[in-house]
Amino acid sequence: MKTKARKRLMSWAAVIVLSLALVPIRAFGYGYTADEVDDLIGGILAYKLDESGADSVQDWIDGYLTDKAGVMSEWYIIALSQDGVRGMDSYERALTDYISSNTIHSATTREKLALALCAAGSSDSYIADILDESVGENGIMSRIYGLHILNNGYTCDRYTAESVADELLGMQYADGGWALFGEYGDIDVTAMTVQALAPQYGERADVEASVDRALDFLSRKQMDDGGYKGFGKPNLESSAQVLTALSALGIDCCEDERFIKDGNTVIDGMLGYRLGDGSFCHEADGGFNETATIQAMYSFVAYKRMLAGKPYIYMMDNRRELSQNGGDTPDTAAVVTTRAGEAAVTTAADRVPAESGTAAVTSAAVSSTLASASSMVSSTFAVSSAGSSAQVSGPSEITGTATSAVTSGSVISVNSGSTHGGYKPIAVIVIIGAGALLSVLLLALGKKNCKNFIFIGGAAAVGIVIILVTDIRSADEYYGSSAVKENAVGTVTMEIRCDTAVGKSDSEYIPEDGVILPVTSFDIEEGDTVFDVLTDAAQTCGIQVDSRGGSKSMIYVAGINYLYEYDFGDLSGWVYHVNGISPSRNSGDYVLSDGDRIEWLYTCELGHDLNEVYEE
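Every value quoted in this text rests on a predicted model; they were computed, and no experiment measured them. (Residues numbered from 1 in each chain as written. Predicted model: local features only at pLDDT ≥ 70, side-chain atom pairs only at ≥ 80, totals over all residues. Heavy atoms only, no water.)

**Describing a negative patch on the surface**
Taken together, the side chains of D55, D59, D62 and D89 present a region of like negative charge at the surface. Relative to the assigned elements, D89 resides in helix α5 (residues 89-101). Accessibility expressed as a relative area gives 46% for D89, which makes it partly exposed. (Patch = residues over 30% accessible without salt bridge, like charges linked within 9 Å, V, L, I, M, F, W, Y side chains within 5 Å. Areas by Shrake-Rupley, 256 points an atom, 1.4 Å probe, with all protein chains shown as cover. Salt bridge = Lys/Arg side-chain N within 4 Å of Asp/Glu carboxyl O. Lys, Arg positive; Asp, Glu negative; His and termini not counted. Charge placed at Lys NZ, Arg CZ, Asp CG, Glu CD. Helix = DSSP H or I, 4+ residues; strand = E, 2+ residues; numbered from the N terminus. Buried < 20%, exposed > 50% of the residue type's maximum accessible area, 1.4 Å probe, protein only.)

**Quick look at the pairing of strand β5 (residues 488-497)**
Sheet topology places β5 next to strand β6 (residues 515-525); eight bridges connect them, and they run antiparallel. If you follow I496 over to β6, its bridge partner there is L517. (Pairing = 2+ DSSP bridges.)

**Some details on the side chain of R319**
Inspection of the secondary structure puts R319 in the loop between α15 (290-307) and α16 (364-367). No salt bridge is formed by the buried R319; its nearest oppositely charged neighbour, D317, is found at 5.5 Å. A polar side-chain atom of R319 sits 2.5 Å from the main-chain carbonyl oxygen of M316. (Polar contact = N/O pair within 3.5 Å; in protein donor to acceptor, adjacent residues only side chain to side chain.)

**Observations regarding the packing of aromatic side chains**
Overall, the coordinates contain 12 aromatic pairs when judged by the stated rule. Ring geometry for W75 against Y145: centres 5.9 Å apart, planes inclined by 65°, an arrangement best described as edge-to-face. With W75 in helix α4 (residues 74-82) and Y145 in helix α9 (residues 140-151), this pair connects stretches of sequence that are 70 residues apart. Both residues of the pair, W75 and Y145, count as buried. Ring plane angle 85° and centroid distance 6.2 Å describe the contact between Y576 and Y590, whose orientation is recorded as edge-to-face. Note that Y576 is positioned in strand β10 (residues 573-578) and Y590 in the loop between β10 and β11 (597-603), a separation of 14 residues in sequence. For the pair Y576 and Y590, a shared accessibility class is recorded, and that class is buried. (Phe/Tyr/Trp six-rings, centres within 6.5 Å; stacked < 30°, edge-to-face > 60°.)

**Overview of the packing of helix α11 (residues 187-197) against helix α13 (residues 236-248)**
Contact geometry of α11 with α13 gives a least axis separation of 8 Å together with a crossing angle of 20°. As summarised for this structure, α11 and α13 are arranged roughly parallel, according to the angle between their axes. Between α11 and α13 lies a crossing of left-handed hand. Counted together, I187, D188, A191, M192, V194 and Q195 of α11 and E237, S238, Q241, V242, T244, A245 and A248 of α13 form the full contact between these two elements. In terms of residue class, the contact of α11 with α13 is made up of seven nonpolar, four polar and two charged. (Axes fitted to C-alpha atoms, helices over the stretch in contact; angles between N-to-C directions. Parallel < 35°, antiparallel > 145°, perpendicular 65-115°, else oblique. Left-handed = near helix turned anticlockwise from the far one by under 90°. Contact = heavy atoms within 4.5 Å. Nonpolar A, V, L, I, M, F, W, Y, C, P; charged D, E, K, R; others polar.)

**Brief notes about the nonpolar core**
With 110 residues, the main nonpolar core has I61, L80, L197, I267, M297 and F300 as its most contacted residues. Among the elements that make up this core, the one with the highest residue count is α15 (10 residues). Apart from the residues lying within four places of it in its own chain, the contact partners of I267 are Y32, L243, C253, C254, F300 and Y303. Membership of the second largest hydrophobic core comes to 33 residues, among which are A501, L534, V557 and W600. (Core = buried A, V, L, I, M, F, W, Y, C linked by side-chain atoms within 4.5 Å.)

**Examining the confidence of the model for the chain**
Looking at the chain, the pLDDT average stands at 79 and 75% of residues meet or exceed 70. Every residue in residues 15-26 is under pLDDT 50, and counting partners more than four places away or in other chains gives three contacts. This stretch, residues 349-420, has a pLDDT under 50; its non-local contacts, to residues over four places away or in other chains, come to 168 contacts. (pLDDT = per-residue confidence, 0-100.)

**A closer look at α4**
With nine of its nine residues buried, α4 lies for the most part within the structure. What α4 keeps buried is the set E74, W75, Y76, I77, I78, A79, L80, S81 and Q82. Where α4 is buried, its residues touch α2 (34-52), α3 (57-67), α5, α6 (107-119), α9 and α15. Just downstream of α4, G84 is the residue with a positive phi angle, here 100°.

**Side note on the pattern of salt bridges**
Opposite charge on two side chains permits them to pair, given that their charged atoms come into close proximity. Throughout the structure, instances matching the rule amount to 14 salt bridges. Across the salt bridge formed by E133 and R110, the nearest N and O atoms sit 3.9 Å from each other. Here the residue E133 occupies a position in helix α8 (residues 131-134), and R110 occupies one in helix α6, the gap between them amounting to 23 residues. Here K233 and E283 are joined by a salt bridge, their closest N and O atoms 3.5 Å apart. In this pair, K233 sits in strand β2 (residues 233-235) while E283 sits in the loop between α14 (266-271) and α15, placing the two residues 50 residues apart along the sequence. A relative accessible area of 27% means that K233 is categorised as partly exposed. The class of E283 is partly exposed, set by a relative accessible area of 28%. Taken together, the salt bridges that share partners define one network made up of D38, D83 and K304.

**Brief notes about unusual backbone geometry**
A positive phi angle is found at D262, which is not glycine, with a value near 50°. Of note in this structure, Y562 is not a glycine but carries a positive phi near 65°. Among the structural elements, Y562 can be located in the loop between β8 (556-560) and β9 (563-564).

**Re a nonpolar patch on the surface**
On the surface, L437, L438 and L441 cluster together into a nonpolar patch covering about 290 Å² of accessible area. Position of L438 relative to the elements: it lies in helix α17 (residues 423-444).

**Describing the environment of K221**
With respect to the helices, strands and loops of the structure, K221 is situated in helix α12 (residues 205-221). The spacing of K221 and D186 is 35 residues in sequence and 9.8 Å in space, taken between C-alpha atoms. Apart from residues lying up to four places away in sequence, K221 is in contact with I187 and Y228.

**Considerations on the side chain of Q172**
In this fold, Q172 is placed in the loop between α10 (161-170) and α11. Here S210 takes part through its side chain, which lies 2.5 Å from a polar atom of the side chain of Q172. Each residue touching Q172, except ones within four places of it in the same chain, is listed here: G177, W178, S210, R213 and A214.

**Some words on α9**
Think of an α-helix as 3.6 residues a turn; residues three or four steps apart then line up on the same face. Across its 12 residues, α9 extends 16 Å between first and last C-alpha, which sits within 8% of the 16 Å expected from 1.5 Å per residue. Most of α9 is tucked away: 12 of the 12 residues are buried. For α9, the set of buried residues is I140, M141, S142, R143, I144, Y145, G146, L147, H148, I149, L150 and N151. Where α9 is buried, its residues touch α4, α6, α7 (126-129), α8, α10 and α11. One or two residues past the end of α9 sits G153, with phi positive at roughly 100°. (Expected span 1.5 Å × (residues − 1).)

**Here we look at the packing of α9 against α11**
Two numbers describe how α9 lies on α11: the axes approach to 9 Å, and their chain directions differ by 25°. In terms of their interaxial angle, α9 and α11 are classed as roughly parallel. When you trace α9 past α11, the crossing you get is left-handed. In this structure, α9 uses I140, M141, I144, Y145, L147, H148 and N151 to contact α11, whose residues at the interface are V189, M192, T193, Q195, A196 and L197. Tallied by class, residues from the contact of α9 with α11 come to nine nonpolar, four polar and no charged.

See the structure below:
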């Protein structure tokens, strides 16, 4: 009897367990509150105020951001404005001055500046005037940025928000994503396209179907930690763009199970890149990165706006009617609300950090993911280039100039045969002579205590050692001297070119033929990296190099020969190739071998204009 009862009990238990296993289990992630997200934004602001020496957000706007208007302030201005900050008159004046005094060659840059003017509350007609000449001129990105402007109600002759959306729908890939180039969707570009299409989601069936396919794509690509990869490597920016896209559609990433993996949300994935000082790094264990930090900031603002039921982040709250717009003025009622209800939200202007450079985040889930602090060190190897021909000067081994007169394929040799220090024998003789003279004077004065002579001898010896172990040179002597490689194990070649920027600016630092440094050979020692050779070139050839980061593994080359990232749009900057391949490693991590061929190349379209071949 007991045996039968036990069997029945076990059978019922098995049925219950099996039934539970067949019931779908809903995924949940940690739900971040508006206050917790506000703390993350506050941490970024605290870091930036401390970095710039500003006492308040208003001081930062009127000082640093105004000084950098047109160069690097725009995304911060957009984020601050959409977080409720006003008082941007000084920035607006500075940006309009920048626009009137500069020729803006990049369509995406013109559109970005227009969005920043709109966010700052400007009524300048530039906002709409640039649309006809900019939308579609730089591929998909100029369509995305242009659509953001059109979504705000500004008009032009050639395009409408609907027509640009049609073009974007036609550019979607079979996998549901969008990309700058190639055959497969890219996380960042897909997310940015979704952001621009968000106001028409729910109003047009074709837009809704296209965006839903993109959401499936983004869901499939999400990693187990909640984050995303870009170009094959996990990074902050890709996750930030996804968070901004989901927020634009009114999707809470902490509640939608499509975007929760192993209990981790997109925000969880982003916090793995947060540093102890409140800023963010590009890759895990990296140092402060400006692009990562600003993208984190505006994505958190976007999420906070979604929680409060506000329109998507590029629907500018501070937009104004244009003073001289030939078309219609913006319809300030044309606002898409993605979530019902609106909550009171603290703005950046209300925050006063308790301590500069710190951020108090109340959630244990947030604090547990903080990465160790890392500082940014900026080092510049610089002398002025001798005009647009980028004169190559230095020791007798170097001949020729980096101009169109350089024959293709020719190689300039830079070896370790030249050393500096001819002043040292003379300096040693002077020290010895001074010591002897002082000793004679002491004898003449009757000071014969041996301690005096021991002291003189010791001081002279210390002086001689200092002379022998140091290399004192003027700037002119440093730039133009060959880097000494006493234990050379091989030779590599390097050239520096900016062909993609030729004809787009009248800058004296862009040679007519695009050649900043012709093919030049450099000796290398064991363990030398691509960045080491670039540094050697800066010293030997007098080429300005602006590198940022701490250790070599965190180095980021922002500018070469006074040509900088973002000079020709948000997709422009320096990349390097080794033997024709674009590596996935930092230039400070790429260890060279004998015979390697290095190219530093300027791109205006994230490498697409260079026909890059990527390292597998």
